[in-house]
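# Architecture at a glance
The chain contents come next:
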Amino acid sequence: MTSLSLLLLQNGLPDLPVVLIEPHRNRGEIWRIKFSYDIDQPLSMSAEQASSLATDLHHIGADELAGEIDDAVRSATRYNAV
């Protein structure tokens, strides 16, 4: 079984409490998912990668974090369609 720390590391995220997970549009006008932390600069990833991460998080029982990511991905997808 994969641990939360390992999943985050494999996806380029630190094992720190996330303050905010939200969709954001980068300079190239691409919608991405931004992860904000208290002590670090925000990090982002593609909506596709975030969706895959959320699925993996659900598999290990990290449903709250996975749900926040799922919500941000849904919003990014909706914004992209407009």
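The structure presented is a predicted model; accordingly, all values stated were derived computationally and were not measured.

## Topic: the nonpolar core
Within the largest apolar cluster, 21 residues are counted, with the highest numbers of intra-cluster contacts made by Leu 13, Ile 21, Ile 33, Phe 35, Leu 53, Leu 57 and Ile 69. If you list the elements that add at least two residues to this core, you get helix H1 (4–10), strand E2 (31–37), helix H2 (47–59) and helix H3 (63–81). Here this core takes six residues from H3, the largest share from any one element. Beyond its immediate chain neighbours, meaning those up to four positions away, Leu 13 contacts Leu 8, Phe 35, Tyr 37, Leu 43, Met 45 and Leu 53.

## Some points on unusual backbone geometry
Even without glycine at this site, Glu 29 takes up a positive phi of about 65 degrees. Assignment of secondary structure puts Glu 29 in the loop between strand E1 (18–25) and E2.

## Regarding the pairing of E2
Across the seven residues of E2, five count as buried, placing the element largely inside the fold. Note: E1 against E2, seven bridges, orientation antiparallel. For Arg 25, the partnering residue across the bridge sits in E2 and is Trp 31. Bridge count between E2 and strand E3 (residues 43–46): four bridges; the pairing is antiparallel. Residue pairing in the sheet places Arg 32 in a bridge with Ser 46 of E3. Taken together, E2 and the strand that follows it, E3, pair antiparallel across an intervening segment of five residues.

So, how was this worked out
- Residues numbered from 1 in each chain as written.
- Predicted model: local features only at pLDDT ≥ 70, side-chain atom pairs only at ≥ 80, totals over all residues.
- Heavy atoms only, no water.
- Core = buried A, V, L, I, M, F, W, Y, C linked by side-chain atoms within 4.5 Å.
- Buried < 20%, exposed > 50% of the residue type's maximum accessible area, 1.4 Å probe, protein only.
- Helix = DSSP H or I, 4+ residues; strand = E, 2+ residues; numbered from the N terminus.
- Contact = heavy atoms within 4.5 Å.
- Pairing = 2+ DSSP bridges.

All quantities given are derived from atomic positions and should not be read as evidence of function.
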